[in-house]
Each structure stands twice: as C-alpha cells, then as structure tokens.
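Descriptive structure summary
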Amino acid sequence: MTDKTNVNDKTDAKVPLVELNNLEMNFYKSKGMFRKPQELNALHNINLKIHNGEIVVVVGESGSGKTTLANVIAGLLTPVSGTYKFKGKEIHSMTKEEANVYRSSIQVVQQDSYAALNPMRTMIKSLGDPMLLKKYATKDNLLEKVNEVLEAVDLTPTEHFINKYPHQMSGGQRQRALIARALSMNPELILADEPVSMIDVSLRVSILNLLARLNEERNIAILYITHDLATARYVGKNGRIAVMYLGEIVETGDLQEVLSNPQHPYLRALLTAVPIPNPRLSRKRKELQLNASSELPDISNMPSGC
Ligand SMILES: Nc1ncnc2c1ncn2[C@@H]1O[C@H](COP(=O)(O)OP(=O)(O)OP(=O)(O)O)[C@@H](O)[C@H]1O
Ligand SMILES: [Mg+2]
C-alpha cells in the first residue's frame, strides 16, 4: 500500500489539498462535416482552493459547469489552460507514483448510483476488486476490508449486503455503496456530485449526515455539488460556498456570510425563489425580477451581462 503522507513532501496543513488557478476548460460541439466545431467554454477563469478536511459547496444551475469542475479536479478531464496543484504539486509534473496517490486521494460519488455500479457485480466484487488492484487489501484480508467499509457506511449487517447485486438494493443503499467504494480508496477528498438528488427525500438527510460524519471523523474534505440551496445550507453550515454561473465561479466565501449578503444576481434570484414559511416576512421580501423567458441561459449561447 502506498503511504499518502510520504509521497508528497508538501503535506503542510497550510498547503491546499487542491489549488486551481485561472483554469479554462473547453468542449467542442460538432456542427456537421464541413463546419468548424463550436467551442464551448465550460469553465472560465476558475480559481479555487480546497484545504484538508474542509467542506466546500458548489451551487449552480443546470449546465453551469459543476460536473465539469468535479471531473477536472478528479483528473478525468484535462483543462486547456491554467494550473492545477494537488498538495502544492502541479499534476502534470507528478511522478507515476505521485499521480497514483493523487488519483486515489480524490474520489467521486456520482448522482446516479445505478449507472455508477456494474449491474453484473456483487458488492464484494464492486468494492473488493479496486481494493485488490490498488493493494489496499490482499486476498487474505479482502472480506474483512470490504466488511469494514460496508460498516462505515451503515450497510449492516454486512453479510446481508456483501453478495448483493445493485438491483437488489434500494437507491439509498446503492448510494451508500458508492460512498463505501470511495472510502475504500482512503480518500482525502470526496467529490459528491448531487449525491442525493435521485433518492427518496426521506433518505436524503441520512446520506448527507453520513458525508458529514466522514468529514468529522476521518477529516475527509468534501466538495458537495448541488443546485439545491436547502441541502447546500445543511452540508455547508461550517464550510465555504462557490456559486457557479455559466462556467464561472461568480461568488465565493464562507457559506453563512455569502448567503446572508448575496452579491451576484443569480444567487439573489435563487434565494428569493426559496419560499419563506412566515407570511409577514415573506411580504417584506423584495422580489427580484427575473427574465421572463423560461429558458436557462446556456454557455453555447452566452447572454450579455450577468
Ligand atoms: N463531454 C461533453 N461534451 C460537450 N459538452 C459538454 C460535455 N460535458 C458537458 N458539456 C457541456 O458543458 C456545460 C457544463 O456541463 P456540466 O455537466 O458540467 O453542467 P452541470 O452544472 O453539472 O449541470 P447539471 O446540474 O445539469 O448536472 C454544458 O453546457 C454541457 O452541455
Ligand atoms: Mg452535473
């Protein structure tokens, strides 16, 4: 097993786990055989730091670039320009061993657990094979190690789940299995991309509490991606927020401070869209006039201004 504390010499707590500077990411959309593909600037001038054990919430509407940002941080997409440092080291200049540590230190928990888990594999295979591959377990202690991660995400009694296929589990249980798979890689950062948007409302809080517990007990940093301000407030109550709009981070800071004094029109509109249960307070609230169009602005057809 690789020791994450020794691989990188800059494990100083002040050095951010992740540091993105002036990062740009483009996609190219085909316009037909004889036409130049259209360039989509999915991430523009992204500057973001994530420190050890920190919770950062990324809020933004559909298409604003949240998943693209997570994929860049996880190393699944390569930005076209800008710098990306993991523990102070530029990821392009890492040795093979450092790159391996970086990749297992950052784990993604996707929105769609059904798509993220192989339907032909039981839990012991889905969780165990990556652990064997990365040498976090041996054939001798595999069962014990898989039981440990299942227990950590409350999939208990573990013998009840170990031989189950994804379709034999509920949405909430599958989401826990995804978190277990992330956990099995000993991560320092979990990128949770809308992890509760596809599961029953009644189960959402328990999954969010599980992420909070992993953050508190294991000091795992969490980047929580959502378009829902209610869960953003819940997860990020002691953390930071980054508000994304059309590929840019338009507002960032301490979550409580940013939400109590929002500056960007998108965030103000988002906050006024949340109903207030008290009619007296609700009448006092100044409504923000939104564009009459029901269409969301799109990076492929940028509106002017904000
Ligand atoms: N592989 C790709 N190829 C081309 N365009 C892409 C690709 N992935 C994303 N995009 C475009 O980049 C923009 C940002 O997409 P992204 O999936 O990051 O948004 P998002 O904020 O995660 O949205 P949602 O809330 O719907 O998940 C969108 O306009 C999307 O169409
Ligand atoms: Mg997304």
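Positions within a chain are numbered from 1, following the residues in the order the chain's sequence is written. Note on labels: chains are lettered from A, ligands numbered from 1, in written order. Reporting of local features is limited, given that this is a predicted model, to residues whose pLDDT is at least 70; pairs of side-chain atoms are given and counted only at 80 or more, and all residues count toward the totals for whole chains, interfaces and linings. Hydrogen atoms and water are omitted, and side-chain values are computed over all heavy atoms in the structure.

Bringing the site of ligand 1 into the picture now. When at least one non-hydrogen atom of a residue lies within 4 Å of a molecule or strand, that residue is treated as near it. Residues in close proximity to ligand 1 total 13 residues, the closest being Ser 62, Gly 63, Lys 66, Thr 67 and Thr 68. Side-chain atoms alone can form a polar contact between residues adjacent in sequence; in general such a contact is a pair of N or O atoms within 3.5 Å, and within protein one must be able to donate a hydrogen while the other accepts it. Measuring from an oxygen atom of ligand 1, one finds a side-chain N or O atom of Ser 62 at 2.5 Å. Within the side chain of Lys 66, an N or O atom sits 2.7 Å from an oxygen atom of ligand 1. With residues, only the protein chains shown are counted as cover, and all accessible areas are computed by Shrake-Rupley using a 1.4 Å probe. Considering ligand 1 on its own, with 630 Å² of exposed area, one finds that the protein chains cover 62% of that surface. Strands here mean DSSP runs of E at least two residues long; helices mean DSSP runs of H or I at least four residues long; both are numbered from the N terminus. Looking at the shell around ligand 1, the elements with two or more residues in it are β2 (38–50) and α2 (66–73). Classes in brief: Ala, Val, Leu, Ile, Met, Phe, Trp, Tyr, Cys and Pro nonpolar; Asp, Glu, Lys and Arg charged; the others, Gly included, polar. In terms of residue class, the shell around ligand 1 is made up of four nonpolar, six polar and three charged.

Let's shift gears to the environment of Glu 217. Mapped onto the fold, Glu 217 is located in helix α9 (residues 201–218). Considering only alpha carbons, one finds Glu 217 and Gly 53, 164 residues apart in sequence, at a separation of 9.8 Å.

Moving on, we come to the pairing of strand β10 (residues 248–254). A pair of strands counts as paired when DSSP detects no fewer than two bridges linking them. Relative to β10, strand β9 (residues 240–245) runs antiparallel, the two being bridged by six bridges. Across the sheet, residue Tyr 245 finds its bridge partner in β10, namely Glu 248. Following β9, the chain reverses through two residues before pairing antiparallel with β10; Leu 246 in that reversal takes a positive phi of roughly 45°.

Here the focus is the pairing of β9. Only protein chains enter the area calculation, which uses a 1.4 Å probe; residues under 20% of their type maximum are buried, those over 50% are exposed, and those in between are partly exposed. Among the six residues that make up β9, six are buried, leaving the element largely enclosed by the rest of the structure. Residues Arg 240, Ala 242 and Met 244 of β9 are buried on one face, and the alternating residues Ile 241, Val 243 and Tyr 245, pointing to the opposite face, are buried as well.

Here we take up the sheet that holds β10. Taken in spatial order, the six strands of this open sheet run β6-β7-β8-β3-β9-β10, and their pairing is mixed. The open sheet has two free edges, formed respectively by β6 (106–109) and β10, since each of these has just one partner strand. Going from strand to strand, the sheet's axes swing by 15° on average, the running direction of each strand aside. Think of each axis as a best-fit line through the C-alpha atoms, taken over the contacting stretch in the case of a helix, with angles from 0 to 180 degrees between the N-to-C directions.

If you check α9, its first and last C-alpha atoms are 26 Å apart, about what 18 residues at 1.5 Å a residue would give, namely 26 Å. All of the buried residues in α9 are Ile 207, Leu 208, Leu 210, Leu 211, Leu 214 and Asn 215. An end-on view of α9 places all buried positions within 145° of arc, on one side of the element. Among the exposed residues of α9, those oriented more than 90 degrees off its buried face are Ser 202, Glu 216 and Glu 217. Contacts between residues were defined by any pair of non-hydrogen atoms, one from each residue, lying within 4.5 Å. The inward-facing, buried residues of α9 contact β3 (55–60), α6 (142–152), α8 (171–183), β7 (189–193), β8 (221–226) and α10 (229–235). Asn 219, located one to two residues past α9, shows a positive phi value of around 55°. Helix span is expected to be 1.5 Å times the residue number reduced by one. Note: the arc covers the axis-to-C-beta directions of the helix.

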